[in-house]
Amino acid sequence: MSNENKRAGAQKSSGLNTEALKDLLFRVADDSLILAHRHSEWTGFGPLLEEDIAFSSIAQDKMGHANALFKILHEKLGEPNADAIAFGRTEDQFKCCQFVELPNGGYDFSLVRHFLFDASELIRWQFLQQSSFEPLAKLAAKIQGEVKYHVYHAQTWLVQLGAQGNEESRILMQTALDKAWPYALGIFEHGAAEGALIADGVFVGEDVLQSAWLEFVTERCAAAHLTIPTNTTAVLGGRKGYHTEHLKPLLDEMNEVFRIDPSAEW
Amino acid sequence: MAIIVSLDPRVTRLQIQADPEVTSEPKPDLDQFQTYEVFHQAKSGAHHTHVGCVHAPNAEMALVLAKETYGRRGQTTNIWVVDTGAILTMRAEDSDVFETTPDKKYREVSAYMVRNKVEDYKKRQQLGTKK
């Protein structure tokens, strides 16, 4: 089979590059799933009752986004069902960025990560509303309100603890920002077929997303009296299946019940 | 020293000493944030109904937290938060101002026997049209 034929074989009738599309969906879904799990680790331990409820709700939203993306992968792109995808893969098959798998640490780091990641998510889903892949565009329109609230929640805390708190809280937030920044840049690591996604009109690409995000978070951080670190290098690898030592224990814990009986009805 | 091993792995990770002799330091008095009263609107144009309160350091934070505390289930179109201290209320010992003497029935709607009169009128009208 010639290369030309192979490529044609990989495409569906929709005319989109299916492998590139799947790679994008896995990247976005895995980010949501893993960060949802990290957020859910705060349930019952939140700094105040109302915040515990809000943060847990946000975790549930993110789990829902991952589920919706896994459903598209299953129903439109021939992947196994959502449970099998979420719980049945080994760590090297996950496409999440390393940022989302880092342990929670204190609430300072969790909030800063929540802010930096969700800002990228908000803008990513705004771009995806124009996606040529219709199921993705529809999902983007459906969840935009949830994602908007997540960012509103995150940036209100950022300003509260950065600009309106005391010097101790500002330093905690700044330290967390310094630690998070190189990992946050890793959100925008290119997927396996970035060019195909852009050419097909599925997504504008990580570079466009990154510059829109940088503008957004720079403005918000300034309002919170926080300084964005300079001279940092992005931590890459997650999109290619290379992860920190923290992902495997997370997956083991998340999959524990599923592994007892993978065919059980929930 | 043994640590508490819980079914919840998050508790186990906290490395809490299992020895009952070892007690943690007493906690200082809790520093609670002030409260904001929350008013929930279920649909556009409806009244905002008081549903409870949230603790928060300021109104903005109160609104962010009230959204999930009171707006995450069922339909919500809007939420108000109001500083609890901004609400002027009667003192409990003054509740007697709401009491009223029983011989002022004429001030109450139920004292007017309009219904009977209306029904009589309707009856007469019906009889009239039949004729």
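This text goes with the structure placed above it.
What comes next is a walk through the structure. No experiment lies behind these values; they were computed from the predicted model shown.

Criteria and thresholds
- The residue numbers shown here count from 1 along each chain, following its written sequence.
- Numbering of ligands from 1 and lettering of chains from A proceed in the order in which they are written.
- Where totals are concerned, whole chains, interfaces and linings use all residues; where local detail is concerned, this predicted model gives features only for residues with pLDDT of at least 70, and gives and counts side-chain atom pairs only at 80 or more.
- Labels follow the DSSP assignment, with helices taken as runs of H or I lasting at least four residues and strands as runs of E lasting at least two, numbered in each case from the N terminus.
- The globule rule is 2.2 Å times the number of residues to the power 0.38, and the radius of gyration it is compared with is taken over C-alpha atoms.
- Here exposure depends only on C-beta density: within 10 Å of a residue's C-beta, 20 or more other C-beta atoms make it buried, 12 or fewer make it exposed, and intermediate numbers make it partly exposed, the C-beta atoms being placed from the backbone.
- Two residues qualify as being in contact provided that their C-beta atoms, derived from the backbone, are within 7 Å of each other.
- Expected helix span is taken as 1.5 Å per residue step, with the number of steps being one fewer than the number of residues.
- One axis fitted to the seven residues ending at a residue, another fitted to the seven starting there: the angle between these axes is the bend at that residue.
- Gly falls in the polar group here, along with every residue not listed as nonpolar (Ala, Val, Leu, Ile, Met, Phe, Trp, Tyr, Cys, Pro) or charged (Asp, Glu, Lys, Arg).
- For this analysis, nonpolar core means a set of buried Ala, Val, Leu, Ile, Met, Phe, Trp, Tyr and Cys residues linked through C-beta atoms within 7 Å.

1. Re the overall build of chain A
Now for step 1: Along the backbone of chain A there are 11 helices and zero strands.
Now for step 2: In chain A, the order of α-helices and β-strands from amino to carboxyl end is α-α-α-α-α-α-α-α-α-α-α.
Now for step 3: Against the compact-globule benchmark of 18 Å for 266 residues, chain A has a radius of gyration of 19 Å, which places it among compact chains.
Now for step 4: Principal axes of the C-alpha set define a box for chain A whose edges measure 65 × 45 × 35 Å.
Now for step 5: Classification of the 266 residues of chain A by burial places 42% in the buried group.
Now for step 6: For chain A, long-range pairs separated by at least 24 residues make up 75% of all intrachain contacts whose partners lie at least 6 apart in sequence.

2. A few points about helix α11 (residues 247–260) of chain A
All names here are of chain A.
Now for step 1: Here α11 spans 20 Å end to end across 14 residues, near enough to the 20 Å set by a 1.5 Å rise per residue.
Now for step 2: Largest kink in α11: about 45°, centred on Met254.
Now for step 3: Of the residues making up α11, those classed as buried are Leu247, Leu250 and Leu251.
Now for step 4: Close packing links the buried residues of α11 with α2 (18–40) and α5 (98–101).

3. Examining the interface of chain A and chain B
Now for step 1: Listed by partner, the interface residues are 13 residues for chain A and 13 residues for chain B.
Now for step 2: Contributions of two or more residues to the side of chain A that touches chain B are made by α3 (49–77) and α7 (134–162) of chain A.
Now for step 3: For the side of chain A that touches chain B, a count of residues per class yields five nonpolar, four polar and four charged.

4. Remarks on the nonpolar core
Now for step 1: Counting residues in hydrophobic clusters, the biggest one holds 70 residues, and the most contacted among them are Leu25 and Leu158 of chain A.
Now for step 2: Among the elements that make up this core, the one with the highest residue count is α2 of chain A (11 residues).
Now for step 3: Filtering out sequence-adjacent residues up to four positions away, Leu25 of chain A remains in contact with Leu69, Ile72 and Leu73 of chain A.
Now for step 4: Counting residues in hydrophobic clusters, the runner-up holds 14 residues, among them Ile58 of chain A together with Met61, Ala62 and Ala66 of chain B.

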